[in-house]
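Survey of secondary and tertiary structure
Chain residues, written in single-letter form:
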Amino acid sequence: MSEVLVITCPSGKQCSHLIPLLYNKGTFKLRLAAHSQASATKLESKYPEAEVVVTDLVDINACQKLLHGATSVYHVGPSFHTREKEIGFNMADAAVAESHRTGSVFKHFAFSSVHSTQHRQLMQHDLKSYVEERLFLSPLNWTIIKPTNFMDAYPVAMLAQQEKPTIERVWTAEIPNSMVALRDLAEAAAKVLNEREKHYLAEYSLCSTMPLSHAYVAKAIGKRIGKEVEYSSPSFEVGVQKVLMYVFGMKEAASLDSVYAGKGGVGHGGHVLANDGDLRPDLVRDMTERFVSFYNQRGLLGSPNVLRWLLEREPTSLEEWIEIQMKDAGLA
């Protein structure tokens, strides 16, 4: 009988790459934690052999029920959620309780955190650092995966098809950042979950590249598609709005005086300013402003050495990743 692997945030960017590496491969029976029925319906259609559970991770009892009978969990906290720390605590504590339950088969808690949780100026990094500490202080066998910024945020195929390709990032174009290709992150996470014992009590900071600026990436894409890619950075306020748009699918950002209007962080006109159910959209805005301010002055810097060792191959270079995007879009 296959072991049960619980995955949270299964519809998110990283799990959309991870799940195909684990789904119906014989080792795990997947239990996917959906936040809404709409999300669950999509997951059931995409992964009909997986168990999909609609649950609220803010509820400790729901977390215990989610982990009942599981062998492993891959926990991804919700992006820019003011209760991410509490959700992480709930998952860690529920795993401890499950591991002590008579007849338990629980063995492994893998947590997808973020590269450099020491950056406490970044509120989402700070929240994740507390979840890491909760695991450190537990009797669980844990592994902490710490990815940097996603390379996949660059829309290569779209730029290739534009007559005058233009790309905008919310931070200064000359500030370098290390990046990770989601294909590398997924492969590393799948290896950690499949090999399990080899990775107990390990922390892995994962970068595919050394620091590269937005300007450098734009030029590299332009060289491959044979067009100059123009790049720019918006004003601080517009940058904050664009981050909210990217994370929550907003069409436009609402003003601060409207963030409490409506239910569940929905402002005037239904503009979502926070995760569904997050009661402090004003703090989400604070979190976003700190995020943009940080990246306008400093980058998230790291080395690909750990990922190279973990994958036992060279991580995906920027140029290789651009070529993969072109092939996947039928534009090679």
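Description of the structure in this document. Because the structure is a prediction, the values reported are computed rather than measured.

Take the packing of aromatic side chains next. In the structure shown here, the tally under the stated rule is 8 aromatic pairs. Considering the side-chain rings of Phe294 and Tyr295, the 5.4 Å spacing of their centres and the 80° angle between planes classify their relative orientation as edge-to-face. Judged by relative accessible area, which is 4%, Phe294 ranks as buried. Accessibility expressed as a relative area gives 1% for Tyr295, which makes it buried. Aromatic rings pair up to connect Phe80, Trp171, Phe291, Phe294 and Tyr295 into one cluster. Between the NZ or CZ atom of Arg120 and the centre of the ring of Tyr130, over which it lies, the distance is 5.9 Å. A cation over a ring is seen here: Arg169 above Tyr154, with NZ or CZ 4.2 Å from the ring centre.

Where helix H8 (residues 214–225) contacts helix H12 (residues 318–328), the two axes come as close as 10 Å, and the packing angle between them is 50°. If you check the angle between H8 and H12, you find them oblique. Crossing of H8 against H12: the hand is right-handed. Residue-level inspection shows Tyr216, Val217, Ala220, Ile221, Arg224 and Ile225 of H8 in contact with H12, the latter providing Leu318, Glu319, Ile322, Glu323 and Met326. Across the contact of H8 with H12, the residue classes tally to 8 nonpolar, no polar and 3 charged.

On to the sheet that holds strand E11 (residues 202–206). Spatial ordering of the open sheet is given by E3-E2-E1-E4-E5-E6-E11, a layout of 7 strands whose pairing is parallel. On the outer flanks of this sheet lie strand E3 (51–54) and E11, each paired with one strand and no other. Shown here is a sheet whose adjacent strand axes are inclined to one another by a mean of 15°, direction ignored. As paired strands, strand E1 (residues 3–8) and strand E2 (residues 28–34) are joined by 6 bridges and run parallel to one another. Residue pairing in the sheet places Val4 in a bridge with Lys29 of E2.

The final tally for this structure, using the stated rule, is 19 salt bridges. With a closest N to O distance of 3.7 Å, Glu195 and Lys198 form a salt bridge.

Phi is positive for Phe80, which is not a glycine, with a value near 50°. Structurally, Phe80 can be placed in the loop between strand E4 (72–76) and helix H4 (84–100). Non-glycine residue Ser116 carries a positive phi angle of around 60°. With respect to the element layout, Ser116 can be found in the loop between strand E5 (108–112) and helix H5 (123–136). A relative accessible area of 16% means that Ser116 is categorised as buried.

Criteria and thresholds
Residues numbered from 1 in each chain as written. Predicted model: local features only at pLDDT ≥ 70, side-chain atom pairs only at ≥ 80, totals over all residues. Heavy atoms only, no water. Phe/Tyr/Trp six-rings, centres within 6.5 Å; stacked < 30°, edge-to-face > 60°. Buried < 20%, exposed > 50% of the residue type's maximum accessible area, 1.4 Å probe, protein only. Lys NZ or Arg CZ within 6 Å of the ring centre and 35° of its normal. Axes fitted to C-alpha atoms, helices over the stretch in contact; angles between N-to-C directions. Helix = DSSP H or I, 4+ residues; strand = E, 2+ residues; numbered from the N terminus. Parallel < 35°, antiparallel > 145°, perpendicular 65-115°, else oblique. Left-handed = near helix turned anticlockwise from the far one by under 90°. Contact = heavy atoms within 4.5 Å. Nonpolar A, V, L, I, M, F, W, Y, C, P; charged D, E, K, R; others polar. Pairing = 2+ DSSP bridges. Salt bridge = Lys/Arg side-chain N within 4 Å of Asp/Glu carboxyl O.

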